[in-house]
Amino acid sequence: MAHDPVTGNGGWLLLLVLLVWLTWKTARAFVRAYDYLNSLPPRKPKENHMSRYPLRIAGSIVGALTAIVSGLVGSGLITTDQGNATTGVITGLLTLLATFGVVISTEKKVTPLVDPRNANDERLTPSPDGDTFDA
């Protein structure tokens, strides 16, 4: 009978010690990274953080990710079913992110009908002609 180094003679104990050590090192690295990032000065917000061509960027991301998955399927590293599932997950996540991006980028450009306010949080009142709002 062959000797198995993982299951016999303390192999599981060694694996457990290694996992605890890696967990400790990872936790310390996260704490150090958080302390460093927390000590950085605040960044000035950009005036316009939107790209001029958001659909090109989204299309490039989807195309690149699906091309990578197709390459992995073609090379035999993953099966066709795994490739289809991965492509479905990528498409779903990017659709979700795109939806949130549209909501966030357009929310400040739409005047709500209930309690309308301008950028200075001043209440808007209907103009005499009824078509627009005045501050």
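Everything numeric in this text was worked out from a predicted model, so none of it was measured. (Residues numbered from 1 in each chain as written. Predicted model: local features only at pLDDT ≥ 70, side-chain atom pairs only at ≥ 80, totals over all residues. Heavy atoms only, no water.)

**Focus: the overall build of the protein**
- The helix and strand tally for the protein stands at 3 helices and 2 strands.
- The order of helices and strands in the protein, counted from the N terminus, is α-α-α-β-β.
- When contacts within the protein are restricted to residue pairs at least 6 apart in sequence, those whose partners lie at least 24 apart make up 12%. (Helix = DSSP H or I, 4+ residues; strand = E, 2+ residues; numbered from the N terminus. Contact = heavy atoms within 4.5 Å.)

**Some details on the confidence of the model for the protein**
- For the protein, the mean per-residue pLDDT works out to 77, and 76% of the residues sit at or above 70.
- Looking at the elements of the protein, mean pLDDT is at its lowest for strand β2 (residues 133-134), recorded as 56, and at its highest for helix α1 (residues 11-39), recorded as 88. (pLDDT = per-residue confidence, 0-100.)

**Thoughts on helix α3 (residues 80-107)**
- A rise of 1.5 Å per residue sets the reference length of α3, with its 28 residues, at 40 Å; its end C-alpha atoms lie 40 Å apart and thus fit the reference within 8%.
- Listing the buried residues of α3 in full gives Gly-83, Ile-90 and Ser-105. (Expected span 1.5 Å × (residues − 1). Buried < 20%, exposed > 50% of the residue type's maximum accessible area, 1.4 Å probe, protein only.)

**Re a nonpolar patch on the surface**
- On the surface, Trp-12, Leu-15, Leu-18, Leu-19, Trp-21 and Leu-22 cluster together into a nonpolar patch covering about 610 Å² of accessible area.
- Looking at the element boundaries, Leu-18 is found in helix α1. (Patch = residues over 30% accessible without salt bridge, like charges linked within 9 Å, V, L, I, M, F, W, Y side chains within 5 Å. Areas by Shrake-Rupley, 256 points an atom, 1.4 Å probe, with all protein chains shown as cover. Salt bridge = Lys/Arg side-chain N within 4 Å of Asp/Glu carboxyl O.)

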